[in-house]
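Listed below are the residues making up each chain.
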Amino acid sequence: MAARGTGLLRSLLSRCSSPGPGLARCASSLPPPGAWSSLARLPHRDLYRLSVTDPDRFWGSAAADRLRWEEPFHRVRDCDLRAGKIRWFLGGKINVSVNCLDVNVEKHPDRVALIWERDEPGTEVKVTYRELLETTCRLANALKSRGIQKGDRVAVYMPVSPLAVAAMLACARIGAVHTVVFAGFSAEALAGRIQDAQCKAVVTFNQGVRGGRLLELKATVDAAVKRCPTVQHVFVAQRTETPAVMGPLDVPLEEVMSCQPPRCPPEPLDSEAMLFLLYTSGSTGFPKGLVHSQAGYLLYASLTHQYVFDHQDGDVFGCMADVGWITGHSYVVYGPLSNGATTVLFESTPVYPDPGRYWETVQRLSISQFYAAPTALRLLLKYDQSFVKKYDRSSLRTLGSVGEPINHEAWHWFHSVVGDGRCPLVDTWWQTETGGVCIAPRPAEDGAAIVPAMAMRPFFGIQPELMGEKGERLAGNGVGGALCISQPWPGMARGIYGDQQRFLDAYFKPYPGCYFTGDGALRSQDGFYQITGRMDDVINVSGHRLGTAEIEDVLDEHPEVPESAVIGFPHEIKGEVPFAFVVLKDYSSSSSSSSSSVVVLQQLRELVSTKIARYAVPEHFLVVKRLPKTRSGKIMRRILRKVAMGTTGDLGDVSTLDDPSVVDEVIEAHEQHRKRQEGEKKESSSSPSL
Ligand code: WTA
């Protein structure tokens, strides 16, 4: 097998590796039909090598043979990372919903596409591919009946559910652009995204249900759309019995869908047309609306889903993420459906009704791949192992983790307690911007070892580079630096909606010729990658990205707060939490404990919760008189981090500080704060428990 594969690779490469005109000719010609099936038989090492030495052949074959095209593409790619130009499968026309639905309905109409694992255990709902196609078409026709057209933006403010998936696919069917907003975001955060994307419609539920609690989704949408003049229609579906109060913009979704035909012709779309926008936090300002395209994104989601998780026909894929995040887009919806999988839509929480929920679900739904966030694992491992062990987990074949670094304790617990030590556990590193997994232990050679808590190996077509402080490329192993990717791949974001300059500045300017991830990484002695965390002012709270600047903007809106600085502070379960240093106008009466500042701090908590979301509320506040700044006025967060951690013994270079005495003030304020907290703790432990 290996010998045959190597021979095949040699013959493929020999047609392409001659320098000069031969290479140019090969790069522009398209691979012959059916080439992918021979490539897919190559040993992993050879296929990876081919993917980076001849990306046109690799991606061209994969796209031509794995996707259904309305019109074939005539050029595999036209990319220039220096200019942020990324175009794949030029000239092709495609419809993503056809690739996720119609193709599967032709092959296995009655296969279950979705299992909606509703909040109430044991009430799951199964939706076949035929049913999902019909629902999607009815929803697409409902959108069309209200004037939604190709290119229009539609906000989806719904927790994971068959109708949320159908809304995404309905947009894809008619060429509208969906922007799913996580249903935990506040009205203001939702309004900001709707305004930025200039959405014409919103799709929502009357209410949401999570962990036994109700979420007032329609009321939040009502508050948001008041400020959004572009919104012409709000489609409201019913998740609970409670009827929604309907206003002039509101359209009862199920009622309108029931009058629509169950067929809707798919719109043929350019490969590079926008498929969706997804807002994510950056280190500055308002979250950015990352643009993903049709063909390249779909191909990348599909290939990574199959190879990283070892997807096989008949598998039940269990990704616990919500559709409001990129993980939900790529590994709840587009990846699994494009591969004809049965995908689980998990509406609940890991601890509802008890900490055995995940594993009871694995048993009841016979889940094959289980993909979750480290924050949930860190929480669950605190409970007795019997919550895991009492359920049958023999259906599991691959375990995966995503969204933040996984610590060793969580990795080992997941691997040995949940997986009984028999399932490969893949720590997958990727980002909203990358569209799909870029570094993960699988795929690899058969039986290749997995190093615990390490993302390890680049996926096909991904060429990681580590850069040093002066922007130099760090060669060899045993080095650490800024993680960049030096070759384009089809799944990468194409831009920031409405702000191409910001796209260039954030990702392509820092290291010309490369995509800069914002993360740091090490390359081990064995050549494997270990992610070390963000290098910018983005923090990761329970696997959710947050820009510290976003929180500061909200804090600074309070009339009593002239300025603030937020940093990430370690937390046992959440990974990181925001720690806010706030300057109050009337400092004379303020310390974190004075009654006036207690009131202000409570108002600040509420402000962050209503302007962004509950999870963004700082866990710690420290009132200070001034913030340490450089002479040019930039806040030195590095120093604040050391103060918060209590590691002020080594403050590093402070020569650029405008006034070094500020540092002593902040240290003193922190010291007093710490003592007060200790005092409070002692008091509460000595008072009799009620
Ligand atoms: C972090 C989530 C370490 C990283 C898919 C990245 C990780 C950011 C890992 C993207 C991992 C994600 N190990 N860190 N396996 N996966 N991250 O856009 O800092 O929500 O830049 O995408 O999460 O978060 P995003």
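Enquirer: What should I look at first to understand the overall build of the protein chain in this one?
Expert: When helices and strands are tallied, the protein chain shows 22 helices and 31 strands. Its C-alpha atoms give the protein chain a radius of gyration of 26 Å, near enough to 26 Å, the size a compact globule of 690 residues would have. Along the three orthogonal principal directions, the C-alpha set of the protein chain runs to about 75 × 60 × 50 Å. Out of the 690 residues in the protein chain, the part that is buried amounts to 59%. Taking all contacts inside the protein chain whose residues are at least 6 apart in sequence as the whole, residues at least 24 apart take part in 71%. Within the structure as shown, the protein chain displays about 27000 Å² of accessible surface, and the carbon and sulfur contribution to it stands at 52%.

Enquirer: Hey, could you run me through the pairing of strand β15 (residues 274-280) in this one?
Expert: Every regular strand shows the same layout, with side chains that alternate between the two sheet faces. Of all seven residues in β15, six are buried, a share of seventy percent or more. In this sheet, strand β16 (residues 288-293) lies alongside β15 in antiparallel orientation, the contact comprising six bridges. Its bridge partner being in β16, Met 274 is matched across the sheet by Ser 293.

Enquirer: Would you mind going over the nonpolar core with me for this structure?
Expert: For soluble globular proteins, nonpolar side chains are generally found buried alongside one another. Membership of the largest hydrophobic core comes to 171 residues, with the highest contact counts inside it found for Trp 59, Phe 89, Leu 132, Tyr 334 and Leu 337. With eleven residues, helix α8 (residues 162-174) is the largest single contributor of residues to this core. When residues no more than four places from it in sequence are discounted, the contact partners of Leu 132 are Leu 101, Ala 113, Leu 114, Val 127, Val 165, Ala 166, Leu 169 and Leu 337. Counting residues in hydrophobic clusters, the runner-up holds 34 residues, among them Ala 372, Leu 380, Leu 425 and Ile 450.

Enquirer: How should I be thinking about the site of the ligand in this particular structure?
Expert: Not every one of the 17 residues close to the ligand is listed here, only the nearest: Asp 427, Thr 428, Thr 432, Asp 519 and Arg 545. Contact between the ligand and Thr 428: a nitrogen atom at 2.8 Å from a main-chain N or O atom of the residue. Here an oxygen atom of the ligand and a side-chain polar atom of Arg 545 are 2.7 Å apart. Taking 530 Å² as the accessible area of the ligand by itself, protein coverage stands at 95%. Looking at the shell around the ligand, the elements that each hand over two or more residues are α13 (326-338), β21 (425-428) and β26 (529-534). Among the residues forming the shell around the ligand, the class breakdown is six nonpolar, six polar and five charged.

Enquirer: Where do I start with the environment of Gly 421 in this structure?
Expert: By the element assignment, Gly 421 lies in the loop between α17 (408-418) and β21. Apart from residues no more than four positions distant in its own chain, Gly 421 is found in contact with His 415 and Ser 416.

Enquirer: It is not clear to me how the layout of surface pockets should be interpreted in this structure. Could you clarify?
Expert: Rolling a probe over the atoms, with the probe sized like a water molecule, indicates the empty space that remains. Counted as a void, the second largest pocket has a volume near 990 Å³. Together, 42 residues line the second largest pocket, and Gln 306, Tyr 307, Asp 310, His 311 and Gln 312 are the ones closest to its centre. Put simply, the parts of the chain that give the lining of the second largest pocket at least two residues each are α4 (44-53), α5 (55-66), α6 (96-107) and α12 (295-308). Among the elements that make up the lining of the second largest pocket, the one with the highest residue count is α12 (five residues). Across the lining of the second largest pocket, the residue classes break down as 16 nonpolar, 13 polar and 13 charged.

Enquirer: Can you help me understand the sheet that holds β26 in this one?
Expert: The strand order across the open sheet built from four strands is β22-β23-β25-β26, with neighbouring strands paired in antiparallel fashion. Both outer strands of the open sheet, β22 (464-467) and β26, are each paired with one neighbouring strand and no more. The mean inter-strand angle of the sheet, taken between neighbouring strand axes irrespective of direction, is 45°. Sheet topology places β22 next to strand β23 (residues 479-485); four bridges connect them, and they run antiparallel. In the sheet register, Met 467 faces β23, and the bridge partner there is Ala 482.

Enquirer: What's the story with the packing of helix α9 (residues 187-197) against helix α10 (residues 217-225) in this structure? I'm lost.
Expert: Two numbers describe a pair of packed helices, the interaxial angle and the distance between the axes. Look at α9 against α10: their axes get within 8 Å of each other, and the N-to-C directions meet at 55°. Between α9 and α10, the interaxial angle falls into the category oblique. Handedness of the crossing formed by α9 with α10: right-handed. Across the interface between the two elements, Ala 187, Leu 190, Ala 191 and Ile 194 of α9 pack against Thr 220, Val 221, Ala 223, Ala 224 and Val 225 of α10. Residue classes in the contact of α9 with α10 are distributed as eight nonpolar, one polar and no charged.

Enquirer: For this particular structure, what's the right way to read the pattern of salt bridges?
Expert: Two side chains that carry opposite charge are able to pair once their charged atoms sit near each other. Within the structure shown, the criterion is met by 45 salt bridges. The salt bridge partner of Glu 445 is Arg 45, with a shortest N-O separation of 3.9 Å. Residue Glu 445 is located in the loop between β21 and β22, and its partner Arg 45 is located in helix α4; the two are separated by 400 residues in the primary sequence. For Glu 445, a relative accessible area of 26% puts it in the partly exposed group.

Enquirer: Hey, could you run me through the sheet that holds strand β5 (residues 112-117) in this one?
Expert: Within a sheet, adjacent strands bond to each other through the backbone by hydrogen bonds, running parallel or antiparallel. Pairing within the open sheet is mixed, and its seven strands lie in the order β6-β5-β18-β17-β19-β20-β21. Strands at the two margins of the open sheet, each flanked by one partner only, are β6 (125-128) and β21. Between one strand axis and the next, the sheet turns through 20° on average, direction left out of account. Across four bridges, strand β19 (residues 369-372) lies against strand β20 (residues 398-402) in parallel orientation. Residue pairing across strands places Phe 370 opposite Leu 399, the latter belonging to β20. Its contacts with the sheet put helix α7 (residues 129-145) on β5 and β6, and the angle it makes with β6 is roughly 80°. The strands touched by α8 are β5, β6 and β18 (342-346); relative to β5, the strand with the most contacts, the crossing angle is about 135°.

Calculation notes
Residues numbered from 1 in each chain as written. Predicted model: local features only at pLDDT ≥ 70, side-chain atom pairs only at ≥ 80, totals over all residues. Heavy atoms only, no water. Helix = DSSP H or I, 4+ residues; strand = E, 2+ residues; numbered from the N terminus. Rg over C-alpha atoms; globule rule 2.2 N^0.38 Å. Buried < 20%, exposed > 50% of the residue type's maximum accessible area, 1.4 Å probe, protein only. Contact = heavy atoms within 4.5 Å. Areas by Shrake-Rupley, 256 points an atom, 1.4 Å probe, with all protein chains shown as cover. Pairing = 2+ DSSP bridges. Core = buried A, V, L, I, M, F, W, Y, C linked by side-chain atoms within 4.5 Å. Near = heavy atom within 4 Å. Polar contact = N/O pair within 3.5 Å; in protein donor to acceptor, adjacent residues only side chain to side chain. Nonpolar A, V, L, I, M, F, W, Y, C, P; charged D, E, K, R; others polar. 1 Å grid on protein atoms, 1.4 Å probe; cavity = no way out; pocket = protein on both sides within 12 Å on 5 of 7 lines; lining within 4 Å. Points joined across faces, edges and corners; volume = space filled by probe spheres on them. Axes fitted to C-alpha atoms, helices over the stretch in contact; angles between N-to-C directions. Parallel < 35°, antiparallel > 145°, perpendicular 65-115°, else oblique. Left-handed = near helix turned anticlockwise from the far one by under 90°. Salt bridge = Lys/Arg side-chain N within 4 Å of Asp/Glu carboxyl O.

These figures come from the coordinates and say nothing about function on their own.
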